[in-house]
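# Structural description and commentary
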Amino acid sequence: MKWFLYAYFLCLCLLFSLEKSYGFEGRKFAENHDSYTIEVSSLLPSASCKSPTKALSSNDTKASLKVVHKHGPCSTLNQDKTIAAPTPTQILLQDQSRVKSIHSRLSNPKTSGENDVKVIDATTIPAKDGSVVGSGSYIVTVGLGTPQKELSLIFDTGSDITWTQCQPCATICYKQMEQIFDPSQSTSYTNISCSSSICSSLTSATGITPGCASSTCVYGIQYGDSSFSVGFFGAEKLTLTPTEAFNNIYFGCGQDNQGLFGGSAGILGLGRHKLSVVSQTAQKYNKVFSYCLPSSSSSTGFLTFGGSASKNSKFTPLSTISAGPSFYGLDFTGISVGGTKLAISASVFSTAGAIIDSGTTITWLPPAAYSELRASFRKWMSNYPLTSALGTLDTCYDLSSYSTISVPKIGFFFSGGIEVDIDATGIFYWSSISQVCLAFAGNSYATDVLIFGNVQQKTLEVFYDGSAGKVGFAPGGCS
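Since the structure is predicted, the reported quantities are computational estimates derived from the model, not experimental observations.

Conventions adopted
- Residues numbered from 1 in each chain as written.
- Predicted model: local features only at pLDDT ≥ 70, side-chain atom pairs only at ≥ 80, totals over all residues.
- Heavy atoms only, no water.
- Core = buried A, V, L, I, M, F, W, Y, C linked by side-chain atoms within 4.5 Å.
- Buried < 20%, exposed > 50% of the residue type's maximum accessible area, 1.4 Å probe, protein only.
- Helix = DSSP H or I, 4+ residues; strand = E, 2+ residues; numbered from the N terminus.
- Contact = heavy atoms within 4.5 Å.
- UniProt positions renumbered as here; feature names shortened; annotations may be inferred.
- Polar contact = N/O pair within 3.5 Å; in protein donor to acceptor, adjacent residues only side chain to side chain.
- Phe/Tyr/Trp six-rings, centres within 6.5 Å; stacked < 30°, edge-to-face > 60°.
- Lys NZ or Arg CZ within 6 Å of the ring centre and 35° of its normal.

## Comments concerning the nonpolar core
- Core analysis: the biggest nonpolar cluster contains 83 residues, and Phe155, Leu303, Leu373, Ile410 and Phe473 have the highest contact counts within it.
- Looking at this core element by element, the count peaks at five residues for strand β12 (residues 228-241).
- In this structure, Ile410 is in contact with Ile335, Ser336, Leu373, Phe377, Val420, Asp421, Ile422, Ile427, Leu438 and Phe440, ignoring residues within four places of it in sequence.
- If you look at the next biggest cluster of nonpolar residues, it comprises 22 residues, including Ile161, Tyr174, Ile221 and Phe261.

Encoded structure:
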């Protein structure tokens, strides 16, 4: 904490001086009413990017962007071979760091203040110096400034602030694929005043009281894994598609950015705070957005602002987590395995509460719920040999001797009586064919919030309607 504050105020002084001067390869499985038959070879990643099966479309009511896995062959970031992709074990460690940060924030709410660091996410690959930034896996490309510069940003429903690295990098900038944004070369960039209400609202968005350099607002955000970004808070033109652009979008222009972000240029914040992009574009899109995360790292998905939900969407109300109102809360009520709802008391889920998060990798369940899921899943999979654990994943199989396997369907139940089946691509996480694991983990405490992770969200169209207070799920969203 002390070193972060030192870096924060060091950067503040420098700014004052400046002012003064992975997944399934394809859908190779058959579906029955209670199980999937999966070709084991489909677990192997592909080295080439598959053509999207769903064309992106934008019009007066919506704007759609292509979503890619930042370390997959569809990502331009993958072209820089000096930026190494993390191993499955490293990704799980980063995920655990993010989850601990979320749990800590929600279980220990603090009063806002200068030393009040409340972290809402951590997002990327491990830095060699030990600074890591969690596990956000999916990126979109947007335009910033006039003339616009294309930037690849990790989109994150668990973050409120959008930020990117900016020249002249007063302290340090990590390596990114695209050219670092230079606000002095943009005719539409403006700084935000320290005395503005927008600057003051950073405290609730980041947990850190903003600073001031020659009347310019200075933001700071620290993540649960010791990474951080500090810089000017400004307003700029944000271009989503060739026909959809927004002036005066508030964002962080980072001058001191520690930790490697996998070559991405920063974060696109999609949380519920008024400073998120979702809220700032609400006049146009009414706090409506949706996405589909691709079935594998060699496929593409989409992120759409505005528009309407698929006709086969199932909706459940959004709830609010009192200690973390920026998160998208859900009323989770049960789990099924192989078509049978598990005997888990509803109080197990209501005690913990639940959120859906695009930046957390696997799904984290209350310990009692995970124990029931694991026991039922292992019973279904008893014909296949168990093998060693992979990080936090303790139910792993050696499938090297099989060409196909039969896997039980897993379903989530939510308030309103809806059940959402997890796609076959959202059941496993693996390091190799000889170590294929159930992609769930148990929380440490019964009161830790349940987190619906991005592996289980694969191929679903997840439709957020912030104004109506509901979220919908539809199968086959990417195709």
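## So, the UniProt feature "active site" (unreviewed entry) in the protein chain
- Taken from the UniProt record, the annotation "active site" (unreviewed entry) applies to Asp156 and Asp357. A stretch of 202 residues holds the annotated residues, and the largest C-alpha distance among them is 7.5 Å, short enough that they meet in one place.
- Examined against the element boundaries, Asp156 turns out to sit in strand β7 (residues 149-156).
- Owing to a relative accessible area of 0%, Asp156 belongs among the buried residues under this scheme.
- A distance of 2.8 Å separates polar atoms of two side chains, one belonging to Asp156 and the other to Arg98.
- Along the polypeptide, Asp357 turns up in the loop between β21 (354-356) and β22 (363-365).
- Take Asp357: its relative accessible area is 0%, and that puts it in the buried class.
- In this structure, Asp357 is in contact with Arg98, Ile102, Asp156, Thr157, Gly158, Ile451, Phe452, Gly453, Asn454 and Gln457, ignoring residues within four places of it in sequence.

## Considerations on the packing of aromatic side chains
- The final tally for this structure, using the stated rule, is 24 aromatic pairs.
- Taking the centre distance of 5.1 Å and the plane angle of 80° together, the rings of Phe332 and Phe414 count as edge-to-face. You can see Phe332 sitting in strand β19 (residues 332-337) and its partner Phe414 sitting in strand β26 (residues 410-414), a full 82 residues away along the chain.
- By relative accessible area, which is 5% here, Phe332 ends up buried.
- Counting every residue linked through ring pairs, the aromatic cluster contains Phe332, Phe349, Phe412, Phe414, Phe440, Phe452 and Phe473.
- The lysine or arginine in question, Lys341, covers the ring of Phe413, its NZ or CZ lying 4.5 Å from the ring centre.
- It is Lys470 that lies over the ring of Phe315; its NZ or CZ is 4.4 Å from the centre.

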